[in-house]
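For reference, the chains in residue letters:
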Amino acid sequence: MLGLVLPNGLVLGRRVRVLRHSRSSGDGSWDPPYGIRRHVLAPFEEVSVELLDVASGTAFDCIMRAYDAGVAVRYRIRKQAERTPFVIAGEVTQFRLPRGSRVYASRDEGEYQVAVPRAVAPVPHPDLTASCDPEPLADLPVSVELQGGKVIVIAESDRLHYPRAMLLAAHD
């Protein structure tokens, strides 16, 4: 599931109308200021879906990119019905992991715990999380070992003016 929670409780993305979509390819290569490589290759394929949230009247895009070594999901707010600052109260983006997966997760630099996806509940470090959310949230990055030995990592990019992402086990 993809979606953003608005301050009034509406979930942007629950009831949407697809306006249009487009595909593109690109070269996201870049030159890092430090590290072992002078140039990083990052070719990608992209799908951008322009959506209209029926309940709020907000137009937004869901942009998905596939790289050789990963995928990325991004939201872009195009237009909202009201002329007020756009505020995001939460996010409900979900990841569904295959059966047999093992998740390696920690909380606030605490010790890593290993669990099946439905039982992810990192042990919070009392000194570091005394004033944080009481829920069993996992900090990113989270590593997931799939059956057969392949590994995926759920992470986030730099985020200015947006709180960190954390994961919570879903119980369908």
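Everything that follows concerns the structure shown earlier in this document.
Residues numbered from 1 in each chain as written. Predicted model: local features only at pLDDT ≥ 70, side-chain atom pairs only at ≥ 80, totals over all residues. Heavy atoms only, no water.

A. Representation of the layout of surface pockets in the model. In this structure, the second largest pocket spans a volume of roughly 270 Å³. The wall of the second largest pocket is formed by 13 residues, among which Leu6, Asn8, Gln80, Glu82 and Thr84 lie closest to the centre. Within the lining of the second largest pocket, the residues separate by chemical class into 7 nonpolar, 5 polar and 1 charged. (1 Å grid on protein atoms, 1.4 Å probe; cavity = no way out; pocket = protein on both sides within 12 Å on 5 of 7 lines; lining within 4 Å. Points joined across faces, edges and corners; volume = space filled by probe spheres on them. Nonpolar A, V, L, I, M, F, W, Y, C, P; charged D, E, K, R; others polar.)

B. Inspection of the pattern of salt bridges at higher detail. Across all of its chains, the model carries 7 salt bridges by this definition. With a shortest N-O distance of 3.9 Å, arginine 76 and aspartate 61 are connected by a salt bridge. One end of the pair, arginine 76, is in strand E6 (residues 70-79); the other, aspartate 61, is in strand E5 (residues 59-67), with 15 residues separating them in the sequence. Accessibility expressed as a relative area gives 36% for arginine 76, which makes it partly exposed. By sharing partners, the salt bridges in this structure join Arg20, Glu50, Asp61, Arg76 and Arg78 into a single network. (Salt bridge = Lys/Arg side-chain N within 4 Å of Asp/Glu carboxyl O. Helix = DSSP H or I, 4+ residues; strand = E, 2+ residues; numbered from the N terminus. Buried < 20%, exposed > 50% of the residue type's maximum accessible area, 1.4 Å probe, protein only.)

C. Up close: the sheet that holds strand E3 (residues 16-27). A sheet is described by the order of its strands in space; here 4 strands give the open sequence E3-E4-E5-E6, paired in antiparallel fashion. The open sheet is flanked by E3 and E6, the only strands paired with a single partner. The average undirected angle you get between the axes of adjacent strands in this sheet is 15°. Examined bridge by bridge, E5 and E6 share 9 bridges and lie antiparallel to one another. Note on E6: the bridge partner recorded for cysteine 62 is tyrosine 75. (Pairing = 2+ DSSP bridges. Axes fitted to C-alpha atoms, helices over the stretch in contact; angles between N-to-C directions.)

D. Representation of a nonpolar patch on the surface in the model. Together, Leu2, Met64 and Val73 make up a nonpolar patch on the protein surface, roughly 220 Å² of accessible area in all. As for its placement among the helices and strands, valine 73 is situated in strand E6. (Patch = residues over 30% accessible without salt bridge, like charges linked within 9 Å, V, L, I, M, F, W, Y side chains within 5 Å. Areas by Shrake-Rupley, 256 points an atom, 1.4 Å probe, with all protein chains shown as cover.)

E. Examining the sheet that holds strand E2 (residues 11-12) more closely. Across the sheet, 3 strands lie side by side as E2-E1-E7; this open sheet has antiparallel pairing. Looking at the sheet topology across the chains shown, the edges are occupied by E2 and strand E7 (90-91). As paired strands, strand E1 (residues 4-5) and E7 are joined by 2 bridges and run antiparallel to one another. Residue pairing across strands places leucine 4 opposite glutamate 91, the latter belonging to E7.

F. Examining the packing of aromatic side chains more closely. Taken as a whole and assessed by the stated rule, the structure comprises 1 aromatic pair. Both rings, one in phenylalanine 44 and one in tyrosine 67, keep their centres 5.7 Å apart while their planes meet at 55°; by these two values the pair is tilted. Separated by 23 residues along the polypeptide, phenylalanine 44 in strand E4 (residues 43-53) and tyrosine 67 in strand E5 bring together distant segments of the chain. With a relative accessible area of 10%, phenylalanine 44 lands in the buried category. (Phe/Tyr/Trp six-rings, centres within 6.5 Å; stacked < 30°, edge-to-face > 60°.)

G. Representation of the side chain of aspartate 53 in the model. Relative to the helices and strands, aspartate 53 resides in strand E4. Of the buried charged residues, aspartate 53 lacks a salt bridge, with arginine 15 as the closest side chain of opposite charge at 7.2 Å. Not counting chain neighbours up to four residues away, the residues in contact with aspartate 53 comprise Val11, Leu12, Gly13, Arg14, Arg15, Val16, Thr58 and Phe60. (Lys, Arg positive; Asp, Glu negative; His and termini not counted. Contact = heavy atoms within 4.5 Å.)

H. Examining the nonpolar core more closely. Judged by nonpolar contacts, Val103, Ala105, Val120, Ala138, Leu140, Val142, Val144, Ile154, Leu167 and Ala169 together constitute the single largest core of 10 residues. Contributions of two or more residues to this core are made by strand E8 (102-106) and strand E10 (138-145). Residue contributions to this core peak at 4 residues, all from E10. With residues near it in sequence (within four places) discarded, alanine 169 still touches Pro117, Arg118, Ala119 and Val120. Within the second largest apolar cluster, 7 residues are counted, among which are Leu4, Leu51, Cys62 and Tyr75. (Core = buried A, V, L, I, M, F, W, Y, C linked by side-chain atoms within 4.5 Å.)

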